[in-house]
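# Structure assessment
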Amino acid sequence: FSPPERDPSGMVRAPRPGFGLRHQTTFRPHTVLSVCPVDNEDLVITGSTQVNPETGEELNFLSKWDLFTSPGRSKSEGMQGGADSKSQGAQGEGEAPPATPKLVDRIVIAKGEGASCLLWSKRGKCVLSGSSKGGTVTGWSFESKTCLFVVKVHQAGVTQLLELPRDTSSRDLLLTASTDGTLGL
């Protein structure tokens, strides 16, 4: 991020990120509901939804994206761009174009159950998704593109997932929160 600047009236302008991301496919744009990083990699996973305008059917996706696919950028430059941070802002004269993430993999998930929150499980090597309506947590494998498990935790939508590592056990704890006002463990 660039340092904050003051405009002539004395207001502080918020710093801008080094580049923007566009989440879309050649088919049609998606509404992104959630995002999580994949540990120690330049990848993120998004939970998104799109409505087919012809049928009205809602489709939900988990998508794995490589963040560094813009011309002139490399993974070694990091999220903030290269040494010349002023040339890494919004596209304009002498500035680099915004990065567009490259779709690496995608899983179609249950219709009507968007992923309101996501968590990459370090130990399980899978992505956990909290349903936006049904109160379930689902484990997904990108390797096999399958559902590994579904656990009903709440009566309403899941809003947060947090993995609590335990050094003395082969299993970590999963803390969940919901719009029903409860926490799950």
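Just so it is clear, the model here is predicted, and its values are computed rather than measured.

Now for the environment of Asp-105. By secondary structure assignment, the location of Asp-105 is in strand β6 (residues 102–109). Excluding anything up to four places from it in sequence, Asp-105 contacts Leu-62, Ser-63, Lys-64, Phe-142 and Lys-145.

The next point concerns the sheet that holds strand β13 (residues 183–184). Strand order in the open sheet formed by three strands is β11-β12-β13, with antiparallel pairing between adjacent strands. Across the chains shown, the open sheet's two edge strands, defined by having one partner strand only, are β11 (158–164) and β13.

Positive phi outside glycine occurs at Lys-145, with the angle close to 55°. Secondary-structure assignment places Lys-145 in the loop between β9 (136–141) and β10 (146–152). Under the relative-accessibility criterion, Lys-145 is labelled partly exposed at 43%.

One finds Ile-45, Leu-62, Leu-118 and Val-127 to be the most contacted residues of the largest nonpolar core, which totals 13 residues. Contributions of two or more residues to this core are made by β3 (31–38), β4 (43–51), β6 and β7 (115–121). Top element by residues in this core is β7. It accounts for three residues. Sequence-distant contacts of Leu-62, that is, excluding residues within four places in its chain, are made with Thr-46, Gly-47, Asp-105, Arg-106, Ile-107, Ile-109, Ala-115, Leu-118, Val-127, Trp-140 and Phe-142.

This brings us to the environment of Trp-65. With respect to the helices, strands and loops of the structure, Trp-65 is situated in strand β5 (residues 58–66). Trp-65 gets classed as buried once you look at its relative accessible area, which sits at 3%. The spacing of Trp-65 and Pro-101 is 36 residues in sequence and 5.8 Å in space, taken between C-alpha atoms. Within polar-contact distance, the side chain of Trp-65 engages the side chain of Thr-46 at 2.9 Å.

Parameters and conventions
Residues numbered from 1 in each chain as written. Predicted model: local features only at pLDDT ≥ 70, side-chain atom pairs only at ≥ 80, totals over all residues. Heavy atoms only, no water. Helix = DSSP H or I, 4+ residues; strand = E, 2+ residues; numbered from the N terminus. Contact = heavy atoms within 4.5 Å. Pairing = 2+ DSSP bridges. Buried < 20%, exposed > 50% of the residue type's maximum accessible area, 1.4 Å probe, protein only. Core = buried A, V, L, I, M, F, W, Y, C linked by side-chain atoms within 4.5 Å. Polar contact = N/O pair within 3.5 Å; in protein donor to acceptor, adjacent residues only side chain to side chain.

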